[in-house]
Amino acid sequence: MSTLRTSEPLGSIDSTELRILHALATTGSLTAAAGTLGLSQPAVSQRIKRVETRLAVPLIERNGRGIRLTPAGRILADHGRTVVAEIDAALAAIDDLRGERAGTLRLVGFPSASATVVPSLMRALAVEAPEVSLQYREAEPPAATAMLRDGEVDCALIFDYEGAGGLPAGSAFQPLWREEVRLVVSQARGVAGGAADLADYAEEHWIAGCEKCRGHLLSAAGEAGFEPDIIQETDNVPAMLAMAAAGGAVALVPGLALAAARSLPDDASALPLTPARYRTIGIVSMATANESPQVRLAKRLLAGVDGAQWGLEAVS
């Protein structure tokens, strides 16, 4: 007599899977259900397939361009609504009991924030919530938002030049500051006592930074009527400043990156642009009704950080 062996108990189902089935019953779409829950569509599909394998019964079926639950899927979704509501109520009660004073905050941020904003957040946490453990990782916005989408972090400090585009479905962006972008050149290539017009630097070689900064450079140059000749690429800001100071190329550098570098090389200038250009810094998290107290705490403490010390303008 053979024995069925499986890595998971036969017939098991967890609260996340019940949430998925309930969302599918409500939306009729894998994509819409994934957006509601702050998950990716492939992740939802994979979870459903695993449950169907464990239960040995189909839970969804095609319905035109959408999907619908099978009778077994509807049973689980109906019962799951009550189960999930009870779990959420229990978690909310625990969160209220624990409040913002304990637990873990998983945060990802971009490099210049690591040397400026994040230490200020750490100091604020030490005063207001010393029992909260901050787990910090560094990544540029495209990778950072992917980590948020995949549940690797609770929130992300990001920047954007056009206003928080390309965010994960089901996420919410809270703008914090606006920072001015400057043109860094060698003193020999600078302009005396005024702002720089990008069009005047159309014939220069250029240094490009990260993916989003490179995109901003291309956009800004295009608006000024030229295509930049990018000959050097680095997201290491001190290296970028040193290269510009050496006179081989020029670069667009945001204010927070300049602040994180602490000082310009003696033979470099950071010129304001005309017209001025800016980027926005903010925090993004998944927009869920059961947002963790640690994320709420991070938003509150970051909103209280004085960005003026790095030349940032608060966004109300």
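Structure's up top.
Residues numbered from 1 in each chain as written. Predicted model: local features only at pLDDT ≥ 70, side-chain atom pairs only at ≥ 80, totals over all residues. Heavy atoms only, no water.

Caption draft 1: Structural detail: the overall build of the chain. Helix and strand counts for the chain come out as 11 helices and 11 strands. In summary, the chain has a C-alpha radius of gyration of 25 Å against a globular reference of 20 Å for 316 residues, an excess of more than 25%. With respect to the three principal axes, the spread of C-alpha positions in the chain is 85 × 50 × 40 Å. Here the chain, with 316 residues, has 43% of them falling under the buried criterion. (Helix = DSSP H or I, 4+ residues; strand = E, 2+ residues; numbered from the N terminus. Rg over C-alpha atoms; globule rule 2.2 N^0.38 Å. Buried < 20%, exposed > 50% of the residue type's maximum accessible area, 1.4 Å probe, protein only.)

Caption draft 2: Summary view of the packing of helix H1 (residues 15-27) against helix H2 (residues 30-37). At their nearest, the axes of H1 and H2 sit 8 Å apart, and the two run at 125° to each other. With respect to H2, the axis of H1 lies oblique. Of the two elements, H1 crosses H2, and the hand of that crossing is right-handed. Facing Arg-19, Ile-20, Ala-23, Leu-24 and Thr-27 of H1, the residues of H2 in contact are Leu-30, Ala-32, Ala-33, Thr-36 and Leu-37. Looking at the contact of H1 with H2, its residues break down into 7 nonpolar, 2 polar and 1 charged. (Axes fitted to C-alpha atoms, helices over the stretch in contact; angles between N-to-C directions. Parallel < 35°, antiparallel > 145°, perpendicular 65-115°, else oblique. Left-handed = near helix turned anticlockwise from the far one by under 90°. Contact = heavy atoms within 4.5 Å. Nonpolar A, V, L, I, M, F, W, Y, C, P; charged D, E, K, R; others polar.)

Caption draft 3: Representation of the pattern of salt bridges in the model. This structure, assessed with the given rule, holds 15 salt bridges. Linking Asp-154 and Arg-106 is a salt bridge whose minimum nitrogen-to-oxygen distance equals 2.9 Å. Taken together, the positions of Asp-154 in the loop between helix H7 (141-149) and strand S5 (155-160) and Arg-106 in strand S3 (residues 104-109) put the pair 48 residues apart, joining distant regions of the chain. Classification of Arg-106 as partly exposed rests on a relative accessible area of 26%. The salt bridge involving Glu-180 is made with Arg-182; its shortest N-O contact spans 3.8 Å. Given the relative accessible area of 22%, Glu-180 is considered partly exposed. (Salt bridge = Lys/Arg side-chain N within 4 Å of Asp/Glu carboxyl O.)

Caption draft 4: Highlighting helix H11 (residues 293-303). Most of H11 sits inside the fold, with 8 of its 11 residues counted as buried. Of all the positions in H11, only Pro-293, Gln-294, Val-295, Leu-297, Ala-298, Lys-299, Leu-301 and Leu-302 are classed as buried.

Caption draft 5: Region of interest: unusual backbone geometry. Following Thr-274, the chain continues into Pro-275 via a peptide bond in cis, with omega recorded as 0°. Take Pro-275: it is sitting in strand S10 (residues 268-286). Phi at Ala-56 is positive, roughly 60°, even though this residue is not glycine. As for its placement among the helices and strands, Ala-56 is situated in the loop between helix H3 (41-55) and strand S1 (60-63).

Caption draft 6: Spatial organisation of the layout of surface pockets. Volume-wise, the second largest pocket comes out at about 340 Å³. In terms of lining, the second largest pocket is formed by 27 residues, of which the most central are Ser-112, Glu-140, Asp-235, Val-237 and Ala-257. Elements represented by at least two residues in the lining of the second largest pocket include exactly helix H5 (111-114), strand S7 (205-208), helix H8 (211-223), helix H9 (237-246), strand S9 (250-254) and helix H10 (255-260). Counted by class, the lining of the second largest pocket contains 20 nonpolar, 4 polar and 3 charged residues. (1 Å grid on protein atoms, 1.4 Å probe; cavity = no way out; pocket = protein on both sides within 12 Å on 5 of 7 lines; lining within 4 Å. Points joined across faces, edges and corners; volume = space filled by probe spheres on them.)

Bear in mind that shape data such as this cannot, by itself, settle questions of function.
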